[in-house]
Amino acid sequence: MYNEIDFDKIDIDSKPPLEEPARQYYFIERCRERVKDFEQKNGRLPKACVTTFGCQMNARDSEKLRGILKQIGYEEASEGEADFVIYNTCTVRENANTRVYGRLGQQKPRKKKHPHMMIGLCGCMMQEPEVIEKLRKSYRFVDLIFGTHNIYKFAELLFDRFEAGEQIIDIWEGTDKIVEQLPNKRKYAFKSGVNIMFGCNNFCSYCIVPYVRGRERSRKPEAVLEEIKRLTKDGVTEVMLLGQNVNSYGKTLDTPMTFAELLQKIEKIEELKRIRFMTSHPKDLSDELIEVMKSSKKICRHLHLPVQSGSTRILEKMNRRYTKEEYLALVERLRSAVPDISLTTDIIVGFPGETEEDFKETLDVVRKVRYDSAFTFIYSRRTGTPAAAMEEQIPEEVVKDRFDRLLKEVQTIAGEVCAVHEGTVQEVLVEEISGQDDACVTGRLSNNLLVHFPGNASMIGSYVKVNLKECKGFYYIGELV
Ligand code: SAH
Ligand code: SF4
Ligand code: F3S
């Protein structure tokens, strides 16, 4: 296991091993020499900053990068202070890309002033050939560019960059490989994301993720269980199982296993107290899973169930493979099995061909389901996806108007739904000192809502009972009982 590896024993005078992860351990060690050189020259360790632009999977990848950087000897710093700045990019919507170019624009003069500085780019946006073309032409000052499939090779690529002294670009079109046991540095001591699968096979017609993350691959259950056991030994009590479509976990394994079966195995890990997962695709959410959620003591009372649209006509064009009625029936089944479950969702407004009638169907679903919260997105045209070529792209003003109406509805309902728990006592996991008040801490309920209450840093990571005194719309003010 990586945390038992003695990096000093790695023979860096020999050739790099061919097998993984040993090869990466070797390159970590080789990079470490460079860091020592830097330290000797500058009287301090070099500093690095990894910035995440995307989803929870992207954030998890950033933790892996931070783990490798730490092992190499980098200190963590803010973006403005870092000698090595890495942007882990997202491309799910156009504005994610725009933000990255904006940030690169800010780094350029900094790098001019400090020529030793390095800039790295990785993540989903790098899997788009047009992006690489643009970077190659107009962003020569970026040092290292790699994609989603070869992220495990970070140390090796960094070493290549040190050796070459010029821009390195390495992008793979796909992979069937999963490299386990690389270093990792998680954000919270007491909770962690755990990948259970990579990629996506669903090809929703608006979505670029299957193109940039590749085909669906599940990790072996033994690898998942071993990682969680190791995490619990290290103080973790809550895990978030991650995948673009966790409900289809295990289908591609040599010995297939369902997601519900995996959950039951995870539930048995004694020190673990809370299990979360995302994202669930409604078309694959089985009755078996609902049963497991019902009987579980550890699976949190929260489900993120993206609906995308309430119109069956649009859902079909989106290739979501469920109807409005099927979605609502699923919500019914979930609610009758787990009455206190909180539901959240993702909704896209302005998909090509969406009429006012279609939009009203979406509002209708929002009113019927009464989500605890919803992420609302304006449809973004992604090159190469089927929806990008569809006629009837919706004019901006129409989309904006629908978006505002949807947001208002979602927020009003969320406020009402959140208030339901006012006055109850709930168990919360204390996560951090409150951003609003130093004398308060922030805790998370099983249903994913937050509560701020008087407390101190010593409580972080513990489970306490809190009286939810007052609902403030999306969070509570409470007090310890
Ligand atoms: N795998 C997850 C979602 C991943 S992307 C799922 O299927 O639910 C997160 C969210 O981004 C999606 O749920 C969708 O609402 C939104 N999204 C994806 N592509 C989009 C696009 N082209 N324009 C606007 N929103 C998009
Ligand atoms: Fe995109 Fe659909 Fe896959 Fe989610 S399930 S990542 S929305 S293609
Ligand atoms: Fe973005 Fe990639 Fe996640 S495109 S949403 S970071 S899978």
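Presented here is an overview of the structure given in this document. Note that this is a predicted model, so its numbers are computed, not measured.

It is worth spelling out the site of ligand 3 at this point. The environment of ligand 3 is formed by Gly54, Cys55, Asn58, Cys90, Thr91, Val92, Cys124, Arg213 and Gln244. A breakdown of the residues in the shell around ligand 3 according to their chemical character gives four nonpolar, four polar and one charged.

Here the focus is the pattern of salt bridges. Counted under the stated rule, the structure contains 42 salt bridges. Where glutamate 63 meets arginine 60, a salt bridge forms, and the shortest distance between an N and an O atom there is 2.8 Å. With glutamate 63 and arginine 60 both in helix H2 (residues 56-72), this residue pair falls three residues apart, about one helical turn. What makes glutamate 63 buried here is its relative accessible area of 11%. Note that aspartate 143 is salt-bridged to arginine 161, the shortest N-O span being 2.7 Å. With aspartate 143 in the loop between helix H4 (129-138) and strand S5 (144-146) and arginine 161 in helix H5 (residues 154-164), this pair connects stretches of sequence that are 18 residues apart. For the pair formed by aspartate 143 and arginine 161, the shared burial category is buried. Taken together, the shared-partner salt bridges in this structure form one network comprising Glu354, Glu356, Lys360, Asp401, Arg402 and Arg405.

Keep in mind that most residues, glycine aside, have a negative phi and that most peptide bonds are trans. In this structure, the amide linkage connecting glutamate 20 to the following residue, proline 21, adopts the cis form with an omega of 5 degrees. Inspection of the secondary structure puts proline 21 in the segment before helix H1 (22-42). Put simply, methionine 278 and threonine 279 share a cis peptide bond, and its omega is 5 degrees. The residue glutamine 181 is not glycine, and still its phi comes out positive at about 65 degrees. Take glutamine 181: its relative accessible area is 33%, and that puts it in the partly exposed class. A positive phi is found at phenylalanine 203, a non-glycine position, where the angle reads about 50 degrees. Note that phenylalanine 203 resides in the loop between strand S8 (197-198) and helix H6 (209-213).

This next bit is on the packing of helix H11 (residues 324-337) against helix H12 (residues 356-369). Helix-helix packing is characterised by the crossing angle of the two axes and by the distance between the axes. Axis separation between H11 and H12 bottoms out at 11 Å; the angle between their running directions is 10 degrees. Here H11 lies roughly parallel to H12, going by the angle between them. Listed contacts from H12 to Lys324, Tyr327, Leu328, Val331 and Arg335 of H11 are Glu361, Asp364, Val365, Lys368 and Val369. Split into classes, the residues belonging to the contact of H11 with H12 amount to five nonpolar, no polar and five charged.

Moving on: the sheet that holds strand S13 (residues 342-349). An order of S12-S13-S14 is seen for the three strands of this open sheet, with the pairing classed as parallel. Here the strands that pair on one side only, and so sit at the sheet edges, are strand S12 (302-304) and strand S14 (373-378). This sheet shows a mean twist of 10 degrees between the axes of neighbouring strands, independent of strand direction. As defined by bridge partners, S13 adjoins S14 across six bridges and the pair is classed as parallel. Bridge pairing links valine 349 to isoleucine 378 in S14. Sheet strands in contact with helix H13 (residues 396-419) are S13 and S14, and its direction is about 175 degrees off that of S14.

Criteria and thresholds
Residues numbered from 1 in each chain as written. Chains lettered and ligands numbered in written order. Predicted model: local features only at pLDDT ≥ 70, side-chain atom pairs only at ≥ 80, totals over all residues. Heavy atoms only, no water. Near = heavy atom within 4 Å. Nonpolar A, V, L, I, M, F, W, Y, C, P; charged D, E, K, R; others polar. Salt bridge = Lys/Arg side-chain N within 4 Å of Asp/Glu carboxyl O. Helix = DSSP H or I, 4+ residues; strand = E, 2+ residues; numbered from the N terminus. Buried < 20%, exposed > 50% of the residue type's maximum accessible area, 1.4 Å probe, protein only. Axes fitted to C-alpha atoms, helices over the stretch in contact; angles between N-to-C directions. Parallel < 35°, antiparallel > 145°, perpendicular 65-115°, else oblique. Contact = heavy atoms within 4.5 Å. Pairing = 2+ DSSP bridges.

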